[in-house]
Each structure stands twice: as C-alpha cells, then as structure tokens.
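Tertiary structure, described
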Amino acid sequence: RRVATRPEGGAPWLPFVIAALTLTLLVGAATGAYDLWNLRVVGRALPLDHRRVHGLAQLFGFVGLFTVGVSLHLAPRFFGQPLPPVRMVRALQVATISGVVLTVIGRLGALVPGSTYLGLAGSALLLVSLTAWAEWVWRMWRATRGLHGPMHHFLAAGAAWFALGGVTLFAWQLGQTWGGPLLRVPLEAVYAPVLFGGGAAWRR
C-alpha cells in the first residue's frame, strides 16, 4: 500500500484552520452574541439575515473549512494513500475560503450593494470545491477497496453529505437571488446534510 508522505507545500490544513477560527470568532460568534443581546436583553427584533450570517459562518466557516483542511492531512493517512498534490490543495484553499467569505457577505443586504450576487458566486465556489474534495475522498476510498473498516465508510459518506450540502446551498442561493420555485428551498436543507451528515460522520 502507498502511504502519505511529508507534504511538499507545508501544512495543507493551516490556512483552512486559520480561516475557520477567524470566521467563527469574528463573524459566527460575534453575530450570535449580538443577536442574543438584542433579542433577550434589549428586546429588539433583528432581520432574519443576521441569524443567517451567524449560521452560515458557523456551518461552512467553521465546520466546513475545519473538516476539509484537516482532512488534507489526515485522510490520506487513514486510507494509506499519498497526500494531495500542492496544486489541488491551493485550488481548494482559494475556492473554499473565498466561497465561504462571499456566501456570508451575500447576506449583508443593503450594507453591501449587490451582495446577493456575491452570495451566489460564493455558493457556486463552495459547490465546486466541496464536490472536488468529495471526489478526492471517494477516489481514495475506491483505491483501498477490500481494506475498509467502519471509519473509511463514515469518511466517504461524510464527504458525499458535504457535497450534497454544497448542492442545496447553491439551490437555496439561486432562489434567494432570482426567486422562482427554488425560493421554497428551506435553509434546513443546507444545514442538515452538512451538520448531521458530513460533520457528524467526520467526527465519528
């Protein structure tokens, strides 16, 4: 069996973890605390998108970025495969981190003119990056067929759930941007596959 070796481009997970901690502290936790203060202490209602900023920052900014980043270092070792090429790692870093940032900005409404379209661009980047990442995990899963344990099945299934979350996020964002039938896509259809499918499987 081939095994993972020392990464050529440094620690592939580091930019993901830094971005995940930055987003969860400066955006996710901050907006959550602000919303709770207004709702529970001041008694003032806030726009729904305030809570969506909090949820998307925590879901994709923390759970998503942290999982994808750490997987680039750990998953090849779990499957006994080589580490991903530097070009793939850098492409994932740019697409995934930019996708999360643009998706969050897309909920800022009047504060950022044209932000809805930035959110759509961000969701498209996340769809591409999460699908490419899931395909990489599945290639490792197929390469080790016959040597699988329960952990390997959880990792492969979790990657597929993350990719599905990218699909539902893009569909939801399309509805938010242009209306039509996709306007009925609930945000729960985004949260559930990422949090209870992907996140839970990778933390198994």
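Above: the structure in question.
The following paragraphs examine the structure supplied in this document. (Residues numbered from 1 in each chain as written. Predicted model: local features only at pLDDT ≥ 70, side-chain atom pairs only at ≥ 80, totals over all residues. Heavy atoms only, no water.)

With respect to the packing of helix H1 (residues 14-42) against helix H2 (residues 48-79)
Close contact between H1 and H2 brings their axes to 8 Å; oriented N to C, the two are set at 160 degrees. By the angle class used here, H1 and H2 are roughly antiparallel. Between H1 and H2 the crossing geometry is left-handed. When the residues that make up the contact of H1 with H2 are grouped by side-chain class, the tally is 17 nonpolar, nine polar and two charged. (Axes fitted to C-alpha atoms, helices over the stretch in contact; angles between N-to-C directions. Helix = DSSP H or I, 4+ residues; strand = E, 2+ residues; numbered from the N terminus. Parallel < 35°, antiparallel > 145°, perpendicular 65-115°, else oblique. Left-handed = near helix turned anticlockwise from the far one by under 90°. Nonpolar A, V, L, I, M, F, W, Y, C, P; charged D, E, K, R; others polar.)

Let's talk about the pattern of salt bridges
Enumeration according to the criterion identifies three salt bridges in this entry. Between Arg52 and Asp49 there is a salt bridge; the shortest N-O distance is 3.3 Å. Placement of both Arg52 and Asp49 in helix H2 is noted, with a separation of three residues, approximately one turn of the helix. When the shortest N-O distance is used, the salt bridge between Glu135 and Arg139 registers 3.0 Å. Note that Glu135 and Arg139 are positioned in helix H4 (residues 115-143) at a spacing of four residues, about one turn of the helix. Given a relative accessible area of 37%, Glu135 falls into the partly exposed group. Here the salt bridges share partners, and the residues they tie into one network are Asp49, Arg52 and Arg107. (Salt bridge = Lys/Arg side-chain N within 4 Å of Asp/Glu carboxyl O. Buried < 20%, exposed > 50% of the residue type's maximum accessible area, 1.4 Å probe, protein only.)

Comments concerning the nonpolar core
If you look at the biggest cluster of nonpolar residues, it comprises 42 residues, and the most contacted ones within it are Phe60, Leu65, Leu72, Trp133, Trp136 and Trp202. Those elements that place two or more of their residues in this core are H1, H2, helix H3 (86-105), H4, helix H5 (150-178) and helix H6 (188-202). Considering every element that reaches this core, the biggest residue donor is H2, with eleven residues. The contact partners of Trp136, leaving out residues within four places of it in the chain, are Ser71, Leu72, Ala75, Pro76, Pro84 and Met88. (Core = buried A, V, L, I, M, F, W, Y, C linked by side-chain atoms within 4.5 Å. Contact = heavy atoms within 4.5 Å.)

Digging into a nonpolar patch on the surface
Taken together, the side chains of Leu21, Leu25 and Leu26 present a nonpolar region at the surface, about 320 Å² in accessible area. Along the chain, the position of Leu26 falls in helix H1. Residue Leu26 is classed as exposed on the basis of its relative accessible area of 63%. (Patch = residues over 30% accessible without salt bridge, like charges linked within 9 Å, V, L, I, M, F, W, Y side chains within 5 Å. Areas by Shrake-Rupley, 256 points an atom, 1.4 Å probe, with all protein chains shown as cover.)

Comments concerning the environment of Val89
Within the secondary structure, Val89 is located in helix H3. Not counting the four nearest positions on each side in its chain, Val89 is found in contact with Pro12, Leu72 and Pro84.

A few points about the packing of aromatic side chains
For the structure on display, the rule yields five aromatic pairs. Between Trp138 and Trp141 the ring centres are 5.1 Å apart and the planes differ by 55 degrees, which places this aromatic pair in the tilted class. Of this pair, Trp138 and Trp141 both sit in helix H4, three residues apart, which is roughly one turn of the helix. Classification of Trp138 as partly exposed rests on a relative accessible area of 30%. Since its relative accessible area comes to 15%, Trp141 is described here as buried. Three or more aromatic residues joined by ring pairs make a cluster, and in this case those are Trp133, Phe162 and Trp202. (Phe/Tyr/Trp six-rings, centres within 6.5 Å; stacked < 30°, edge-to-face > 60°.)

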